[in-house]
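# Structural characterization, general
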Amino acid sequence: MANTMKAAVVREFGKPLTIEEVLLPEAGPGQILIRVAATGVCHTDLHAADGDWPFKPTPPFIPGHEGVGHVVAVGAGVRHVKEGDRVGVPWLYTACGHCKHCLGGWETLCEQQQNTGYSVNGSFAEYVIADPNYVGHLPDNISFVDIAPILCAGVTVYKGLKVTDTKPGDWVVISGIGGLGHLAVQYAKAMGLNVIAVDVDDAKLELANELGAVLGVNARKADPVAYVKKEVGGAQGVLVTAVSPKAFEQAIGMVGRGGTVSLNGLPPGDFPLPIFGTVINGITVRGSIVGTRLDLQEALNFAAERKVKATIATEPLDNINDIFARMHRGDIQGRIVVDFEN
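The sections below set out a description of the structure shown in this document.

Reading the values: the criteria
- Residues numbered from 1 in each chain as written.
- Predicted model: local features only at pLDDT ≥ 70, side-chain atom pairs only at ≥ 80, totals over all residues.
- Heavy atoms only, no water.
- 1 Å grid on protein atoms, 1.4 Å probe; cavity = no way out; pocket = protein on both sides within 12 Å on 5 of 7 lines; lining within 4 Å.
- Points joined across faces, edges and corners; volume = space filled by probe spheres on them.
- Helix = DSSP H or I, 4+ residues; strand = E, 2+ residues; numbered from the N terminus.
- Contact = heavy atoms within 4.5 Å.
- Pairing = 2+ DSSP bridges.
- Axes fitted to C-alpha atoms, helices over the stretch in contact; angles between N-to-C directions.
- Buried < 20%, exposed > 50% of the residue type's maximum accessible area, 1.4 Å probe, protein only.
- Parallel < 35°, antiparallel > 145°, perpendicular 65-115°, else oblique.
- Nonpolar A, V, L, I, M, F, W, Y, C, P; charged D, E, K, R; others polar.
- Patch = residues over 30% accessible without salt bridge, like charges linked within 9 Å, V, L, I, M, F, W, Y side chains within 5 Å.
- Areas by Shrake-Rupley, 256 points an atom, 1.4 Å probe, with all protein chains shown as cover.
- Salt bridge = Lys/Arg side-chain N within 4 Å of Asp/Glu carboxyl O.
- Core = buried A, V, L, I, M, F, W, Y, C linked by side-chain atoms within 4.5 Å.
- Phe/Tyr/Trp six-rings, centres within 6.5 Å; stacked < 30°, edge-to-face > 60°.
- Lys NZ or Arg CZ within 6 Å of the ring centre and 35° of its normal.

Across all of its chains, the model carries one cavity of 30 Å³ or more by this definition. When its volume is computed, the largest cavity comes out at roughly 80 Å³. Along its surface, the largest cavity is lined by Pro 90, Trp 91, Leu 92, Tyr 134, Leu 151, Val 155, Val 290, Gly 291, Thr 292, Arg 293 and Leu 296.

Along the polypeptide, Thr 278 turns up in helix α9 (residues 275-280). Not counting chain neighbours up to four residues away, the residues in contact with Thr 278 comprise Leu 273 and Ile 283.

So, about the sheet that holds strand β12 (residues 215-218). The sheet built from six strands is open, its strands ordered β12-β11-β10-β13-β14-β15 with parallel pairing. Of all the strands in the sheet, the pair left with one neighbour each is β12 and β15 (284-287). On average, each strand axis in the sheet is inclined to that of its neighbour by 15 degrees, with strand direction left out of account. By the bridge criterion, four bridges tie strand β14 (residues 255-263) to β15 in an arrangement that is parallel. Residue pairing for β15: Ser 262 is matched across the bridge by Arg 286. Relative to the sheet, helix α8 (residues 245-254) contacts β10 (171-175), β11 (194-199), β13 (235-240), β14 and β15, its axis offset from that of β14 by approximately 155 degrees.

Of all the 10 residues making up helix α4 (residues 153-162), nine are buried; the element is thus mostly covered by neighbouring parts of the structure. The complete set of buried residues in α4 reads Ala 153, Gly 154, Val 155, Thr 156, Val 157, Tyr 158, Lys 159, Gly 160 and Leu 161. Where α4 is buried, its residues touch β10, α5 (181-190), β13, β14, α10 (293-304) and β17 (335-339).

Our next topic: the environment of Pro 272. Turning to its location among the elements, Pro 272 is positioned in the loop between β14 and α9. Residue Pro 272 is classed as partly exposed on the basis of its relative accessible area of 47%. A sequence separation of 256 residues divides Pro 272 from Pro 16, and the C-alpha atoms of the two residues are 34 Å apart.

The contact between α4 and α10 brings their axes to 9 Å, and the two run at 105 degrees. It follows from the interaxial angle that α4 and α10 lie roughly perpendicular. Of α10, the residues touching α4 (which contributes Gly 154, Val 155, Tyr 158, Lys 159 and Lys 162) are Asp 295, Leu 296, Glu 298, Ala 299 and Phe 302. Looking at the contact of α4 with α10 residue by residue, the classes come out as five nonpolar, one polar and four charged.

What follows covers a nonpolar patch on the surface. Together, Ile 275, Phe 276, Val 279 and Ile 280 give the surface a local cluster of nonpolar side chains, amounting to about 480 Å² of exposed area. Topologically, Phe 276 is positioned in helix α9. Judged by relative accessible area, which is 67%, Phe 276 ranks as exposed.

Attention shifts here to the pattern of salt bridges. Tallied over the full model, the rule gives 20 salt bridges. A salt bridge links Arg 11 to Glu 20, with the nearest nitrogen and oxygen atoms 2.6 Å apart. We note a salt bridge from Arg 293 to Glu 107, for which the minimum N-O separation is 3.1 Å. Taken as a pair, Arg 293 in helix α10 and Glu 107 in the loop between α2 (100-103) and β7 (114-115) lie far apart in primary sequence, 186 residues in all. By sharing partners, the salt bridges in this structure join Lys 159, Lys 162, Asp 295 and Glu 298 into a single network.

Turning our attention to the environment of Ile 147. Relative to the assigned elements, Ile 147 resides in helix α3 (residues 144-147). The exposure class of Ile 147 is buried, given its relative accessible area of 0%. C-alpha separation for the pair Ile 147 and Ala 2, spaced 145 residues apart in sequence, amounts to 27 Å. When near neighbours in sequence (up to four residues on either side) are disregarded, Ile 147 contacts Val 68, Leu 138, Pro 139, Ile 142, Leu 300 and Ala 303.

Turning our attention to the nonpolar core. Core analysis: the largest hydrophobic core is formed by 42 residues, its most contacted members being Ile 150, Ile 174 and Tyr 187. Those elements that place two or more of their residues in this core are β3 (32-40), α3, α4, β10, α5, β11, α6 (202-210) and α10. Among the nonpolar cores identified, the runner-up in size contains 36 residues, and Ala 8, Val 41, Ile 62 and Ile 323 belong to it.

What follows is about the packing of aromatic side chains. Under the defined criterion, the tally for this structure stands at eight aromatic pairs. When the centroid spacing of 5.4 Å and the interplanar angle of 55 degrees are considered together, the rings of Tyr 158 and Phe 302 count as tilted. Placement of Tyr 158 in helix α4 and of Phe 302 in helix α10 is noted, with a sequence separation of 144 residues between them. For Tyr 158, a relative accessible area of 7% corresponds to the buried category. For Phe 302, a relative accessible area of 15% puts it in the buried group. With centroids separated by 5.5 Å and ring planes inclined at 45 degrees, the aromatic side chains of Phe 248 and Phe 271 adopt a geometry described as tilted. Here Phe 248, found in helix α8, pairs with Phe 271, found in the loop between β14 and α9; they are 23 residues apart in sequence, far enough to count as distant. The rings of Trp 53, Phe 55, Trp 91 and Tyr 118 are connected pair by pair, giving a single aromatic cluster. Between the NZ or CZ atom of Arg 86 and the centre of the ring of Phe 144, over which it lies, the distance is 4.2 Å. Of note, Lys 159 hangs over the ring of Trp 106, and the distance from its end group to the ring centre comes to 4.2 Å.

This is the structure:
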């Protein structure tokens, strides 16, 4: 094995990533090394590269947190993952394992957590280090390219839907039919929910329809709040994956009495929450960040059963800056996956 690898590196926030040869990392005790076969490109990678969030990564760093591939080296003390295993490295790189959140099965809330492609180097590289206790174990019947988006987009919306506390037969609104939303439509359908898709792009609404949405509304052409109220009297759940504050405001109007709004998207800024209506109508608003290890395994199982499949286009790592530019413009249908093998 050579001692260097190709990677896309953030040297400065808001500047193009540089494609360079960097030192190949070694698996230390309790770590594994994965040869990356494919990695999805997520909006969070763009936020990381632009330094958008209050807690910022430290350049230089390698983004990417939907990396999948084979384990090629195992550090001392690793027992339950072996060379040759097919695994994926999610956003939750590791957590402390002993705080009240970790003990309660909510390791995604651990204050000591590390995040892949953010606080530790990620999968926009030919190899990536991972914590074997936090990787996803991939089904054998799905290609690396097809399974990569489940590592973040898939598990994020699956968990987001779970915390709406909806049950089969309920109506759920998916706001934003992008990389996350188009998977959310499929998870919702697989969970027995009736889906209303909301977006500002007719092509994305058409995709939602093909994937199983029952109803759809273009929020540029009609008031989605009035539409949802008229059609179903308010939804039991609303999942917001969109990255516009306006979508969050509309979500509060689209949810019915006793319903839950689950927030996945992370646009900058705030949105108004009407106190009177929230109280009188018994509305729950909750943030939902990725998913636990169990959520990840469940999300992967849906994909293994062919109930969920990301709409993808593959590109080489060299195109990363162009991919980010298109993401900025909202020009991507489904998910772009960087393919290292072809």
